[in-house]
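Inside the fold
Read off the chains here:
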Amino acid sequence: MQAHYRDYEQMKFSRAVFVIHNMAHQGRGPFVETEQLELPDHYREVFRLYDPIGGEHMNIMKAGLQFSHRIVAVSEGYAWECQTQEGGWGLDAIIRENTWKLRGIVNGIDYQEWSPMTDPHLLTDGYTQYDMETMVEGKRQCKMALQKELGLPVDPDVPLMGFIGRLDYQKGVDLIRDSHGWLMGQGVQLAMLGSGRADLENDLRAMEASNKDKTRSWVGFSVKMAHRITAGVDMLLMPSRFEPCGLNQLYAMAYGTVPIVHAVGGLRDTVTPFNPFENSGTGWTFERADADQMRGACTNALETYRKYKPQYRELQLRGMRQDLSWDHAASLYEEVLVAAKFQW
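Residues numbered from 1 in each chain as written. Predicted model: local features only at pLDDT ≥ 70, side-chain atom pairs only at ≥ 80, totals over all residues. Heavy atoms only, no water.

Let's shift gears to the overall build of the protein. Counting secondary structure elements, the protein contains 14 helices and twelve strands. Computed over the C-alpha atoms, the radius of gyration of the protein is 23 Å, within 12% of the 20 Å expected from 2.2 N^0.38 for a compact globule of 344 residues. Summarising the internal contacts of the protein: among those between residues at least 6 apart in sequence, 69% fall at separations of at least 24. When the accessible surface of the protein is summed, it comes to about 16200 Å², and 53% of that surface belongs to carbon and sulfur atoms. (Helix = DSSP H or I, 4+ residues; strand = E, 2+ residues; numbered from the N terminus. Rg over C-alpha atoms; globule rule 2.2 N^0.38 Å. Contact = heavy atoms within 4.5 Å. Areas by Shrake-Rupley, 256 points an atom, 1.4 Å probe, with all protein chains shown as cover.)

The pairing of strand β8 (residues 189-194) with strand β9 (residues 215-219) spans five bridges and is classified as parallel. When the sheet's bridge partners are listed, glycine 194 is paired in β9 with valine 219. Remark: the β8/helix α8 (residues 198-210)/β9 crossover connection has right-handed handedness. (Pairing = 2+ DSSP bridges. Right-handed = clockwise from strand over helix to strand, strands pointing away.)

Together, Met1, Tyr5 and Met11 give the surface a local cluster of nonpolar side chains, amounting to about 290 Å² of exposed area. Tyrosine 5 gets classed as partly exposed once you look at its relative accessible area, which sits at 39%. (Patch = residues over 30% accessible without salt bridge, like charges linked within 9 Å, V, L, I, M, F, W, Y side chains within 5 Å. Salt bridge = Lys/Arg side-chain N within 4 Å of Asp/Glu carboxyl O. Buried < 20%, exposed > 50% of the residue type's maximum accessible area, 1.4 Å probe, protein only.)

A few words on the state of the cysteines. Structurally, a disulfide amounts to a covalent bond that connects the sulfur atoms of two cysteines. Counting across every chain of the model gives zero disulfides. Between cysteine 82, a cysteine without a disulfide, and cysteine 245, which holds the nearest cysteine sulfur, the sulfur-to-sulfur distance is 12 Å. Given the relative accessible area of 1%, cysteine 82 is considered buried. (Disulfide = S-S within 2.5 Å.)

Turning next to the packing of helix α6 (residues 135-150) against helix α9 (residues 223-232). If you want to describe how two helices pack, look at the angle between their axes and the distance between the axes. Where α6 meets α9, the closest approach of the two axes is 8 Å, and the angle between their N-to-C directions is 130 degrees. Between α6 and α9, the angle is such that the two are oblique. By crossing handedness, the relation of α6 to α9 is classed as left-handed. Residue-level contacts link Lys139, Cys142, Lys143, Leu146, Glu149 and Leu150 of α6 to Met225, Arg228, Ile229, Thr230, Ala231 and Gly232 of α9. (Axes fitted to C-alpha atoms, helices over the stretch in contact; angles between N-to-C directions. Parallel < 35°, antiparallel > 145°, perpendicular 65-115°, else oblique. Left-handed = near helix turned anticlockwise from the far one by under 90°.)

Spatially, the six strands line up as an open sheet ordered β9-β8-β7-β10-β11-β12, and their pairing is parallel. One side of each edge strand has no neighbouring strand; the edge strands of this open sheet are β9 and β12 (284-286). When the angles between neighbouring strand axes are averaged without regard to direction, this sheet yields 15 degrees. Across five bridges, the pairing between strand β7 (residues 160-164) and β8 is parallel. Bridge pairing links isoleucine 164 to leucine 193 in β8. The sheet contacts of helix α7 (residues 173-185) involve β7, β8, β9 and β10 (235-238), and relative to β8 the element is tilted by about 160 degrees. Against the sheet, α8 touches β8 and β9, its axis set at about 150 degrees to β9.

Grouped together as the largest cluster of nonpolar side chains are 35 residues, with contacts concentrated most on Leu122, Tyr130, Leu146, Ile229 and Tyr255. Secondary structure elements with two or more residues in this core: α6, β7, β8, α9, β10, α10 (248-254) and α13 (309-321). Listed in part, the 29 residues of the second largest apolar core include Leu167, Leu175, Met235 and Phe274. (Core = buried A, V, L, I, M, F, W, Y, C linked by side-chain atoms within 4.5 Å.)

Here three strands make up an open sheet; going across it, the order is β1-β5-β6 and the pairing parallel. Whereas interior strands pair on both sides, the edge strands pair on one side only; in this sheet they are β1 (17-20) and β6 (102-104). Shown here is a sheet whose adjacent strand axes are inclined to one another by a mean of 25 degrees, direction ignored. Strand direction decides the pairing type here: strand β5 (residues 70-73) and β6, joined by three bridges, are parallel. For isoleucine 71, the partnering residue across the bridge sits in β6 and is leucine 102. In the packing of helix α14 (residues 326-341) onto the sheet, contacts are made with β1, β5 and β6, and the angle to β5 comes to roughly 160 degrees.

Summed over the entire model, instances satisfying the criterion amount to seven aromatic pairs. Geometrically, the ring pair formed by tryptophan 114 and tyrosine 251 is stacked, given 3.9 Å between the ring centres and 5 degrees between the ring planes. Placement of the pair is tryptophan 114 in the loop between β6 and α6 and tyrosine 251 in helix α10, with a sequence separation of 137 residues. Across the pair, exposure class does not vary: tryptophan 114 and tyrosine 251 are buried alike. On the numbers, 5.2 Å between centres and 85 degrees between planes, the contact of tyrosine 305 with tyrosine 312 is edge-to-face. By the burial criterion, tyrosine 305 is buried, and tyrosine 312 matches it. Over the ring of phenylalanine 31 we find arginine 48; its NZ or CZ atom is 3.8 Å from the centre of that ring. For the cation-ring pair, lysine 309 lies above tyrosine 305, with the distance from its terminal atom to the ring centre recorded as 3.5 Å. (Phe/Tyr/Trp six-rings, centres within 6.5 Å; stacked < 30°, edge-to-face > 60°. Lys NZ or Arg CZ within 6 Å of the ring centre and 35° of its normal.)

Tracing the sequence through the fold places isoleucine 53 in the loop between β3 (48-51) and β4 (55-59). Separated by 193 residues in the primary sequence, isoleucine 53 and glycine 246 place their C-alpha atoms 27 Å from one another.

The structure is reproduced here in structure tokens:
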């Protein structure tokens, strides 16, 4: 925009806001490809980046960060992590140089698509729609319907955990794999849905094969099953190594499903740790992407689920009472756009 328009007195009042969804995906390529952008040499240099892992290359994100008028990361926590060597993926110095125009804004969810009161995927096969007043019975019915659909023993009292996500390093599904035997020893049922790396897909199949009476793994993706797992499980596991924002934990809380998350990025921003003494919080968190840490959080969650039902119900309802819509995020984005408008 700068090179092709503003430098020629065109689109002088246009503004650019760069939204960071995932620092790991930067638009890298051989630097020679900048010749195809039809840019003067001094602009081509803006795309040049050298880092110890990638070497010298063209980096589209680097140019976007430097020339945008404002930068938004999809959570406050991720805005901070982008400035660290671990979270910046080679661009942390560029982010730190531009912190004056950086802001973190958590995404919202679309209640027209994700609401247990109106979810069309809960109208058949024994599922049911529910609200906060009917949450206990509604989730109980959805849980039994999910168990039946997946071929698990139907028992509304057994703790049922779920995982929904991409099968890759980021999502930490290997932590669930490494904890699978322990979870089975805790008398837990596990429903998993996802696709991705072939080795992790095979891990899901192996987990089911080793405990067919307690584990079901749906390798692939199904929108209907994602909604039904969200409604039917008691707890949702999200052991992501990094998570810019995360949506599944928001969907879970809207459905009265308690998230167990690695406290990173948007997961830290959106899931408040349960405090049994103050009876506050919306889920359980753990501080390192480590199987032992995840098992510790699961232990606390299972203890509360089995022995402290009233507190667990309040935990579910606190999640449902939150306004997780786009309304608040939209007002914050408006502030960013106004700030960009008046930047010269």
